[in-house]
Amino acid sequence: MSAAGPHLAEPLWLLGLLAIPALWWWRRRRSPLAGAPTALRAYADAHLLPHLLVTPPTPGRRGHPLRRWALLWALLMLTLAGPRWGYQEVRLFHPGNHLLVLLDVSRSMRCTDLAPDRLGRARQELEDLIRANRHHRLGLIAFASVPHVLAPITEDSATLLSRLPVLATDLASPQLQGSNLEAALERAAQLLDPLPAEGARAILLISDGDFATPLPLEQVRALAARGIRLHVLGVGTEQGALVPASQGGWVRDPMDPTRQPVRSTLEPERLEALAVAGGGRYREAVHGETDTRALLDASAERARSAAAGDERTRIWNERFWIPLIVLALLVLAEFRHPWRHPGGGS
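Conventions used here
- Residue indices follow the written sequence of each chain, beginning from 1 at its first position.
- In keeping with the predicted nature of the model, local features appear solely for residues at pLDDT of at least 70, side-chain atom pairs appear and are counted solely at 80 or more, and the whole-chain, interface and lining totals rest on all residues.
- The basis for the side-chain values is all heavy atoms of the structure; hydrogens and waters are excluded.
- Angular values range over 0 to 180 degrees, each being the angle between N-to-C directions of two axes fitted as lines to C-alpha atoms, with helices fitted over their stretch in contact.
- What counts as a helix is a DSSP run of H or I of at least four residues, what counts as a strand is a run of E of at least two, and both are numbered from the N terminus.
- Throughout, the term roughly parallel applies to angles under 35 degrees, roughly antiparallel to angles over 145, roughly perpendicular to angles from 65 to 115, and oblique to all others.
- We call a crossing left-handed when the near helix sits turned anticlockwise from the far one by less than a right angle, and right-handed when that turn is clockwise.
- Note on definitions: a residue-residue contact is assigned when non-hydrogen atoms from the two residues lie within 4.5 Å.
- Classes in brief: Ala, Val, Leu, Ile, Met, Phe, Trp, Tyr, Cys and Pro nonpolar; Asp, Glu, Lys and Arg charged; the others, Gly included, polar.
- We define a salt bridge as a contact between a side-chain nitrogen of Lys or Arg and a carboxyl oxygen of Asp or Glu at a distance within 4 Å.
- Per-residue accessibility, obtained with a 1.4 Å probe over protein chains only, is compared with the maximum for each type, and a residue is labelled buried under 20%, exposed over 50%, and partly exposed between these values.
- Residues enter patches when their relative accessible area tops 30% and they take part in no salt bridge; the joining distance is 9 Å for like charges and 5 Å for the nonpolar side chains Val, Leu, Ile, Met, Phe, Trp and Tyr.
- Here the open area of atoms and residues is found with the Shrake-Rupley method and a 1.4 Å probe, where only the protein chains shown may cover a residue.
- For the purpose of counting charges, residues Lys and Arg are taken to be positive, whereas Asp and Glu are taken to be negative. His and the chain ends are not included.
- To locate a charge, take atom NZ for lysine, CZ for arginine, CG for aspartate or CD for glutamate.
- UniProt positions are given in the numbering used here, feature names are shortened, and annotations may be inferred rather than shown by experiment.
- Among the buried residues, those of types Ala, Val, Leu, Ile, Met, Phe, Trp, Tyr and Cys that are joined through side-chain atoms within 4.5 Å form a nonpolar core.
- Throughout this description, a polar contact denotes any pair of N or O atoms lying within 3.5 Å of each other; where both atoms belong to protein, one of them has to be capable of donating a hydrogen while the other can accept it, and for residues adjacent in sequence the pair is counted only when both atoms sit in side chains.

(A) Spatial organisation of the packing of helix α5 (residues 118–132) against helix α10 (residues 290–299). Where α5 contacts α10, the two axes come as close as 9 Å, and the packing angle between them is 55°. Compared by their axis directions, α5 and α10 come out oblique. Between α5 and α10 the crossing geometry is right-handed. Across the interface between the two elements, Glu 125, Asp 128, Leu 129 and Ala 132 from α5 touch Asp 291, Thr 292, Arg 293 and Leu 296 from α10. For the contact of α5 with α10, a count of residues per class yields 3 nonpolar, 1 polar and 4 charged.

Structure representation (structure tokens):
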């Protein structure tokens, strides 16, 4: 018999069929004929006893009762044994992919060198990523000087999409401006560290790279050593734009005696240095979904390499319901006339 042919999931249940010959033997032992030589020969010859002791069949019943109940018992044991044939091969479960987005919402992200502004473009990129995602659990942290967890890592895309309108407001307080990437990475690590290390764990930083503090490269390398990679999506242009102030006008450099407006530009070298230190990829935001799809694929690379063995298992087509249906129909047939009594009429 081939592996795909009919077989039983739990064949030991067929041992229950041994109850049928045991019951048959026990019934024969208790038959009136068994005691005839000692009790009834005083009243009739032995060759006449079978004719005197046979009970007439019950009206409306056909066949020996023991045979009928033996058949029902056999069908019950066959159902419990689980007949099955035919199968589908599926890949074994592997831990899922987890991607946590760090979105820079500092004042420089209000620059209008991209339409409608850098933060608006970042929102569009993030929406594209959420809608294109098929294999990741996503989370979202917005940060300026302080990180804000807007959505923990989840499979609920609707929850993430509902958080996007908040990113268009002044989420960061004017008194707490600046991009504290170090604090944001630390908060992201707190969410990713408890997750299974066998799956892909990654951070996607969306920023213009206009950080007032030195790059936390050592912190990024430490995260990569723990299996948490960093990918970066740059938002902005190298031509840059003036940074709008919260009360109108432009942000001015307090260290500049002439108080000239501050111009913020995209810093691709700094952002790429972060991606290299984190073992990830750097892409610049463009129209369309090519950038977000590339980053989604990159964040799942480790999980694909862990599943290189392509282990599969068989999902069998269970057929236990076939003897179960026959059993149910026969049981119903046994009780189709519950008002009929042995020896009685209709």
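Having put the structure on the table, let's press on.
(B) The pattern of salt bridges, seen in detail. By the definition in use, this model includes 7 salt bridges. A salt bridge links Glu 318 to Arg 84; the shortest N-O distance between them is 3.3 Å. Of this pair, Glu 318 sits in strand β11 (residues 312–318) while Arg 84 sits in strand β2 (residues 83–91), and the two are 234 residues apart along the sequence. Relative accessible area serves as the criterion here: at 33%, Glu 318 is assigned to the partly exposed category. Here Arg 221 and Glu 218 are joined by a salt bridge, their closest N and O atoms 2.8 Å apart. Of this pair, Arg 221 and Glu 218 are both found in helix α8 (residues 217–225), 3 residues apart, which corresponds to roughly one turn of the helix. Among the residues examined, Glu 218 registers a relative accessible area of 59% and is labelled exposed. A network of salt bridges, in which partner residues are shared, links Asp 113, Arg 118 and Asp 208.

(C) Representation of a negative patch on the surface. A grouping of Glu 238, Glu 269, Glu 272 and Glu 284 is seen on the molecular surface, where their side chains present a negatively charged patch. Here Glu 272 lies in helix α9 (residues 268–277).

(D) View of the UniProt feature "transmembrane region" (unreviewed entry) in the protein chain. Summarizing the sequence annotation, UniProt attributes the feature "transmembrane region" (unreviewed entry) to residues 6–26 and 69–87 in the numbering used throughout. Helix makes up 38% of residues 6–26 and strand makes up 10%, while its end C-alpha atoms are separated by 34 Å. Taken as a whole, residues 69–87 contains 68% helix and 26% strand, while its terminal C-alpha atoms sit 33 Å from one another.

(E) Region of interest: the nonpolar core. Core analysis: the largest hydrophobic core is formed by 29 residues, its most contacted members being Leu 103, Leu 140, Leu 167, Leu 204 and Ile 206. Elements that contribute at least two residues to this core include exactly β3 (97–104), α5, β4 (136–143), β5 (147–154), β6 (201–207) and α10. A per-element tally of this core places α5 first, with 6 residues. Setting aside anything within four residues of it in sequence, one finds Leu 167 in contact with Leu 103, Val 105, Leu 119, Arg 123, Leu 126, Leu 140, Ala 142 and Leu 150. Phe 143, Ala 189, Leu 230 and Leu 274 belong to the second-largest nonpolar core, a separate cluster that totals 26 residues.

(F) Up close: the side chain of Asn 133. Note that Asn 133 resides in the loop between α5 and β4. Owing to a relative accessible area of 10%, Asn 133 belongs among the buried residues under this scheme.

(G) Here's a closer look at a nonpolar patch on the surface. Residues Trp 85, Phe 320, Trp 321, Ile 322, Leu 324, Ile 325, Leu 329 and Leu 332 make up a contiguous nonpolar surface patch of roughly 770 Å² in combined accessible area. A total of 6 residues in the nonpolar patch trace back to one element, the largest contributor, which is helix α12 (residues 321–334). Within the secondary structure, Ile 325 sits in helix α12. According to the relative accessible area criterion, Ile 325 is partly exposed, its value standing at 45%.

(H) Representation of the side chain of Ser 207. Take Ser 207: it is sitting in strand β6. Here the side chain of Ser 207 touches Asp 104 through a polar contact of 2.9 Å, side chain to side chain. Apart from residues no more than four positions distant in its own chain, Ser 207 is found in contact with Asp 104, Met 109, Leu 233, Gly 234, Val 235, Leu 266 and Leu 271.

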